[in-house]
Amino acid sequence: MAHNGIPHCVVKGCDLRVKVKMRGLCLRHYKKWLKYGDPTKGGTYRHNAPKCEIHGCQGKPYARDMCHRHYKAWWKRQKRLSQMTQ
Ligand SMILES: [Zn+2]
Ligand SMILES: [Zn+2]
């Protein structure tokens, strides 16, 4: 096989495509890197989590055991909080 495919995230076990070439990270891990300074910090993704941790939500887990929708809301909240403390 030629080595000309789309590169995958450098994080072990992650098979997502690289979105941030400079870092060799997928978007998920890049966000972690931004937040923690280390793409593997803050817990590993549990791809096998049954569903979103938000009570009553049947969404598929995307990150932090939350579905995409809830994760996005959470992310916005985190951003707002960090802006408030600056
Ligand atoms: Zn990744
Ligand atoms: Zn959800």
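Residues numbered from 1 in each chain as written. Chains lettered and ligands numbered in written order. Predicted model: local features only at pLDDT ≥ 70, side-chain atom pairs only at ≥ 80, totals over all residues.

**Describing the overall build of the chain**
Then, number 1: Tallying secondary structure elements over the chain gives two helices and two strands in all.
Then, number 2: In the chain, buried positions account for 14% of the 86 residues.
Then, number 3: Summarising the internal contacts of the chain: among those between residues at least 6 apart in sequence, 4% fall at separations of at least 24. (Helix = DSSP H or I, 4+ residues; strand = E, 2+ residues; numbered from the N terminus. Buried ≥ 20, exposed ≤ 12 C-beta atoms within 10 Å, placed from the backbone. Contact = placed C-beta atoms within 7 Å.)

**Description of helix H2 (residues 68-84)**
Then, number 1: Taking 1.5 Å of rise per residue, 17 residues should cover 24 Å, and H2 covers 24 Å from first to last C-alpha, within 8% of that figure.
Then, number 2: Little of H2 sits inside the fold, with one of its 17 residues counted as buried. (Expected span 1.5 Å × (residues − 1).)

**Brief notes about the confidence of the model for the chain**
Detail in the predicted coordinates should be disregarded across regions flagged by low pLDDT.
Then, number 1: On average, residues of the chain carry a pLDDT of 82, and 85% of them reach 70 or more.
Then, number 2: No element of the chain has a lower mean pLDDT than strand E1 (residues 61-63), at 84, and none a higher one than H2, at 90. (pLDDT = per-residue confidence, 0-100.)

**A closer look at unusual backbone geometry**
Then, number 1: Even without being glycine, Arg64 reaches a positive phi, approximately 55 degrees.
Then, number 2: Mapped onto the elements, Arg64 comes out in the loop between E1 and strand E2 (66-67).
Then, number 3: Taking the C-beta count within 10 Å as the criterion, Arg64 has 18 such neighbours and is therefore assigned partly exposed.
Then, number 4: Although it is not a glycine, Asp65 adopts a positive phi angle of roughly 60 degrees.

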